[in-house]
Amino acid sequence: MHLRFSEEDEAFRREVADWLDAALSGEFAVVRGRGGPGDEHALLDERRAWEQHLGSAHYACVAFPERYGGRDASLTQQVVFYEEYARAGGPGRLGHIGEGLLGPTLLAFGSDAQKERFLPAIARGEEIWCQGYSEPNAGSDLANVQTRARMDGGRWVIDGQKVWTSWAEWADWCFVLCRSEPEAPKHKGLSYLLVPMRQDGIEVRPIVQITGDSEFSEVFFDGAATDAEHIVGARGDGWKVAMGTLAFERGASTLGQQLGFENELSLIVEAAKRNGRARDPLIRQRLADAWIGLRIQRFHALRVLSGAAGAELPPAALVTKIYWATWHRELGKLAMDVLGPEAEIAEGAPYQLGRLQRLFLFTRSDTIYAGSNQIQRNIIGERALGLPREPR
Ligand SMILES: Cc1cc2nc3c(=O)[nH]c(=O)nc-3n(C[C@H](O)[C@H](O)[C@H](O)COP(=O)(O)OP(=O)(O)OC[C@H]3O[C@@H](n4cnc5c(N)ncnc54)[C@H](O)[C@@H]3O)c2cc1C
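Colleague: Help me out: how do you make sense of the overall build of the chain in this one?
Modeller: Looking only at helices and strands, the chain has 11 helices and 8 strands in total. Relative to a compact globule of 392 residues, whose C-alpha radius of gyration would be 21 Å, the chain shows 21 Å and is just as compact. Taken along the three principal axes of its C-alpha coordinates, the chain extends 70 × 50 × 45 Å. A buried classification covers 52% of the 392 residues belonging to the chain. Residue pairs at least 24 apart in sequence account for 71% of intrachain contacts in the chain once pairs closer than 6 positions are excluded. For the chain, the accessible area works out to roughly 18200 Å², and carbon and sulfur atoms hold 53% of it. Here the chain contributes 45 positive and 54 negative side-chain charges, whose respective centroids are spaced 5 Å apart.

See below:
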């Protein structure tokens, strides 16, 4: 087990840090620290431009192969990049779903033509993606997807509804899990389609969240269309592709996020010192526990990275999501207990919340999206411990 980064990784770290510091001090200083959870609507034009600025320096998708606009970065370099991005206060990434979910999925399952068509546009920061999986009756039970896709006039035509679709309001494209073979058994009747969002057959209705923002939306498909070749994997084989995407969602991109969390913990510690709660023994104990949880995440990430074979993560990686999500949700609660009565007062009308209030409200969702804690326990039980599969 190697609990530190190599010299080459550290050299890459300095290069990334210098570039980010310069980029976020100049023209893009305005986006520093903006667009995070509960602040998703902030400075959208500037953040689109920022995506393209990252892309022009090949930093939008460091893991992509160079020929598609990336840097062929190793797993450890990817983590180094995410850490430095958080340290520099890089803004919430509009391109995150294309970079972290669709990109790796196309590299693993896409045709050469799909890679050529879609990856460079993601790496240039030009096309924003969203993920169309969940439906009113298909969340944890994802194979229950009912949105239909049929071939008509040489194109796919899609009817149905998705829900909780993050970034749908701003996305140019959506990868949509659809039922294309209604007669086939549940898991075998699905296809994975790439669908342009800006067309008459699609209506996006934003959902207001407890943070006051609408990071996600309902998406209605009513005769929406996409080209016949915009299917990833074989017809009816979408389940395999969809599971591949989920593995990326729960994998590498989360290993480098602790520095962002550390910034949040620092704000809470500052608040505790300012309002005197740092003298409360129970608060002190919880602050120390939070710090210990961060160190655990750091060493866990390094352990997972040193056990990785190429892009393949070891079984220990299966605990990453449940650990950070539970820790982060508790951090949100701690922030409120540190603020005390102040936590219940908005900074301004009608619903202008402070950073720690947004942290508390948004972290309620951490243990739900990308697989709820209960589903994570099923995954650990079945895949890491080899327990009998839960009845399906
Ligand atoms: C902030 C946020 C962003 C999201 N973004 C997206 C997105 O971009 N695209 C997208 O497609 N979806 C997105 N989602 C949806 C997310 O994937 C689902 O909310 C999640 O999968 C849970 O599904 P559900 O909400 O239907 O709850 P359900 O599946 O109905 O679960 C309800 C409760 O039952 C429990 N449960 C369900 N099945 C089991 C089981 N087998 N064993 C034990 N317990 C079980 C769950 O853990 C949960 O506590 C987002 C959600 C949130 C909160």
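Colleague: Help me understand the layout of surface pockets, please; the structure alone is not making it clear to me.
Modeller: The gaps of empty space that remain are located by a probe, the size of a water molecule, rolled over the atoms. Each pocket or cavity is described by its volume, and for the second largest pocket that value is around 250 Å³. Taken together, 13 residues form the lining of the second largest pocket, with Arg274, Leu339, Glu342, Glu347 and Leu356 sitting closest to its centre. Considering each element in turn, the lining of the second largest pocket owes the most residues, 4 residues, to helix H7 (residues 258–275). A class-by-class count of the residues in the lining of the second largest pocket yields 6 nonpolar, 2 polar and 5 charged.

Colleague: I'm lost on empty space enclosed by the protein in this one. Help?
Modeller: Taken as a whole and judged by the stated rule, the model has 1 cavity of 30 Å³ or more. Taken together, Thr254, Leu255, Gln257, Gln258, Gln297, His300, Ala301, Val319, Thr320, Tyr323 and Trp324 make up the lining of the largest cavity. When contributions to the lining of the largest cavity are tallied by element, the ones reaching two or more residues are helix H8 (281–306) and helix H9 (320–339). Partitioning the lining of the largest cavity into residue classes produces 5 nonpolar, 6 polar and no charged.

Colleague: What am I meant to see in the site of the ligand here?
Modeller: Taken together, 18 residues lie near the ligand, and Ser134, Ser140, Trp164, Ser372 and Gln374 sit nearest. A distance of 3.0 Å separates an oxygen atom of the ligand from a polar atom in the backbone of tyrosine 133. Within the complex, the protein chains bury 67% of what would otherwise be the 970 Å² of accessible surface of the ligand. Residues that form the shell around the ligand fall into these classes: 6 nonpolar, 10 polar and 2 charged.

Colleague: What is the right way to look at the pairing of strand E7 (residues 216–227) in this model?
Modeller: Here strand E3 (residues 155–166) pairs with E7 via 10 bridges, running antiparallel. Of the residues in E7, the one forming a bridge with glutamine 161 is phenylalanine 220. Note that strand E6 (residues 202–206) and E7 share 5 bridges and pair antiparallel. Across the sheet, glutamate 203 pairs through a bridge with phenylalanine 220, a residue of E7.

Colleague: Looking at this structure, I do not really get helix H11 (residues 373–384). What am I missing?
Modeller: Owing to its 3.6 residues per turn, the α-helix brings residues three or four apart onto one side. Given a rise of 1.5 Å per residue, 12 residues ought to cover 16 Å, and the 15 Å separating the end C-alpha atoms of H11 matches this to within 8%. Among the residues making up H11, those that are buried are Asn373, Gln376, Ile379, Ile380, Gly381 and Glu382. Tucked inside the fold, the buried residues of H11 contact H9. Of the residues trailing H11, glycine 386 is marked for its positive phi of about 70 degrees.

About the cut-offs
Residues numbered from 1 in each chain as written. Predicted model: local features only at pLDDT ≥ 70, side-chain atom pairs only at ≥ 80, totals over all residues. Heavy atoms only, no water. Helix = DSSP H or I, 4+ residues; strand = E, 2+ residues; numbered from the N terminus. Rg over C-alpha atoms; globule rule 2.2 N^0.38 Å. Buried < 20%, exposed > 50% of the residue type's maximum accessible area, 1.4 Å probe, protein only. Contact = heavy atoms within 4.5 Å. Areas by Shrake-Rupley, 256 points an atom, 1.4 Å probe, with all protein chains shown as cover. Lys, Arg positive; Asp, Glu negative; His and termini not counted. Charge placed at Lys NZ, Arg CZ, Asp CG, Glu CD. 1 Å grid on protein atoms, 1.4 Å probe; cavity = no way out; pocket = protein on both sides within 12 Å on 5 of 7 lines; lining within 4 Å. Points joined across faces, edges and corners; volume = space filled by probe spheres on them. Nonpolar A, V, L, I, M, F, W, Y, C, P; charged D, E, K, R; others polar. Near = heavy atom within 4 Å. Polar contact = N/O pair within 3.5 Å; in protein donor to acceptor, adjacent residues only side chain to side chain. Pairing = 2+ DSSP bridges. Expected span 1.5 Å × (residues − 1).

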